[in-house]
Amino acid sequence: MAIAALPDQPKETKGRVLVWDAPVRVTHWAMVICFFGAYLTAEEDKLRSLHVALGYTLAILVAFRLFWGVIGTRYSLFKNFVRGPRAVGRYVRTLLAGRPKHYVGHNPAGALAIVTLLGMAALVTASGWMTYRQGDGGWAEEFHELVANLMLVVVGVHVIGVLTGSWLHHENLIGAMISGRKPGNPADSIERAMWLVAAILCGILVEFWWLLWTSGS
């Protein structure tokens, strides 16, 4: 007696789900612009006001990202992606072996890079403020230049890590930080992009630049 063939069971497929909210994406790319803009204008006296404005803006962005890392959406929270040295070491070993574990949010190495860059951005803006107030080439200026150069190196390592992760995981991590979407199951998605919060942040930055412009600073 022939047994009827059972229908093929549907395979679980992963779509593209919303992972990075709008405030995270806006902050990320705005920090990129501010850091490189400030770095490129550091040695130009005629662009000093622009350099200082970019530095202040970077400080505002760091403060917001720290705030959003406490109250933001799932994958923006520090408690959900900051891991200890052992987790970072395990991930790096699997990365070097070509078999890294996939994370919907930040992987341990990426999380370490983010925390390091936020800390260095805070140092570079604080030392830049001290240099601007001193008005001379004292220790604050030397420290400011040192941290800025070290931060550039860390940014380079971070970019290499992103490109490597994109290749090994077969996903565009840079594109994900633009669109906010990554491969995942529906349960992995955050509920809202939080565009209102991103708009408020942009409004604060625009108002800040307007005040600088009208004050002649």
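Please refer to the structure higher up on the page.
Residues numbered from 1 in each chain as written. Predicted model: local features only at pLDDT ≥ 70, side-chain atom pairs only at ≥ 80, totals over all residues. Heavy atoms only, no water.

**A short note on the overall build of the chain**
Right, on to step 1. Across its full length, the chain holds 8 helices and 2 strands.
Right, on to step 2. Mapped in sequence order, the helices and strands of the chain form the string β-α-α-α-α-α-α-α-β-α.
Right, on to step 3. Taking 17 Å as the expected radius of gyration for a compact globule of 217 residues, we find that the chain reaches 21 Å, considerably beyond that expectation.
Right, on to step 4. Per-residue burial over the chain gives 40% buried out of 217 residues.
Right, on to step 5. For the chain, contacts bridging at least 24 residues in sequence account for 75% of all contacts bridging at least 6. (Helix = DSSP H or I, 4+ residues; strand = E, 2+ residues; numbered from the N terminus. Rg over C-alpha atoms; globule rule 2.2 N^0.38 Å. Buried < 20%, exposed > 50% of the residue type's maximum accessible area, 1.4 Å probe, protein only. Contact = heavy atoms within 4.5 Å.)

**Points about helix α2 (residues 48–71)**
Right, on to step 1. Spanning 24 residues, α2 covers 35 Å between terminal C-alpha atoms, matching the ideal 34 Å at 1.5 Å per step.
Right, on to step 2. For α2, every residue scored as buried is listed here: His51, Val52, Ala53, Leu54, Thr57, Leu58, Leu61, Val62, Phe64, Arg65, Trp68 and Gly69.
Right, on to step 3. Where α2 is buried, its residues contact α1 (22–40), α3 (78–81), α5 (108–134), α6 (139–169) and α8 (195–215). (Expected span 1.5 Å × (residues − 1).)

**What about the nonpolar core?**
Right, on to step 1. Of all hydrophobic cores here, the largest spans 37 residues; its most connected members are Trp20, Met31, Leu61 and Met151.
Right, on to step 2. Among the elements of the structure, β1 (15–18), α1, α2, α3, α5, α6, α7 (173–179) and α8 are those that each provide at least two residues to this core.
Right, on to step 3. By residue number, the principal contributor to this core is α5, which donates 7 residues.
Right, on to step 4. Setting aside residues no more than four positions away along its own chain, methionine 31 makes contact with Leu58, Leu61, Val62, Leu118 and Ala121. (Core = buried A, V, L, I, M, F, W, Y, C linked by side-chain atoms within 4.5 Å.)

**Topic: the packing of aromatic side chains**
Right, on to step 1. As enumerated under the stated definition, the model contains 8 aromatic pairs in all.
Right, on to step 2. Taking 6.4 Å as the distance between ring centres and 50 degrees as the angle between the ring planes, the aromatic pair formed by phenylalanine 64 and phenylalanine 67 counts as tilted. Separated by 3 residues within a single helix, phenylalanine 64 and phenylalanine 67 lie in helix α2, roughly one turn from each other.
Right, on to step 3. Look at tyrosine 91 and tyrosine 103: their rings are 6.0 Å apart centre to centre, the planes differ by 70 degrees, and that puts the pair in the edge-to-face class. Of this pair, tyrosine 91 sits in helix α4 (residues 85–96) while tyrosine 103 sits in the loop between α4 and α5, and the two are 12 residues apart along the sequence.
Right, on to step 4. Residue class for tyrosine 91 comes out buried when judged on its relative accessible area of 4%.
Right, on to step 5. Aromatic rings pair up to connect Phe35, Phe36 and Tyr39 into one cluster. (Phe/Tyr/Trp six-rings, centres within 6.5 Å; stacked < 30°, edge-to-face > 60°.)

**Considering unusual backbone geometry**
Right, on to step 1. Residue histidine 170 is not a glycine yet carries a positive backbone phi of 55 degrees.
Right, on to step 2. Within the fold, histidine 170 resides in the loop between α6 and α7.
Right, on to step 3. The class of histidine 170 is exposed, set by a relative accessible area of 71%.
Right, on to step 4. Phi at methionine 194 takes a positive value of approximately 60 degrees, unusual for a residue other than glycine.
Right, on to step 5. With respect to the element layout, methionine 194 can be found in the loop between β2 (181–184) and α8.
Right, on to step 6. Relative accessible area serves as the criterion here: at 21%, methionine 194 is assigned to the partly exposed category.

**Digging into a negative patch on the surface**
Right, on to step 1. There is a patch of like negative charges on the surface, built from Glu43, Glu44, Asp45, Glu142 and Glu145.
Right, on to step 2. Note on placement: glutamate 145 falls in helix α6.
Right, on to step 3. On the accessibility criterion, glutamate 145 (38% relative accessible area) is partly exposed. (Patch = residues over 30% accessible without salt bridge, like charges linked within 9 Å, V, L, I, M, F, W, Y side chains within 5 Å. Areas by Shrake-Rupley, 256 points an atom, 1.4 Å probe, with all protein chains shown as cover. Salt bridge = Lys/Arg side-chain N within 4 Å of Asp/Glu carboxyl O. Lys, Arg positive; Asp, Glu negative; His and termini not counted. Charge placed at Lys NZ, Arg CZ, Asp CG, Glu CD.)

**Quick look at the environment of alanine 30**
Right, on to step 1. Mapped onto the elements, alanine 30 comes out in helix α1.
Right, on to step 2. The exposure class assigned to alanine 30 is buried, which follows from its relative accessible area of 16%.
Right, on to step 3. Taking the C-alpha atoms as reference points, alanine 30 and threonine 57, separated by 27 residues in sequence, lie 8.8 Å from one another.

No statement about biological role is implied by the geometric values presented.
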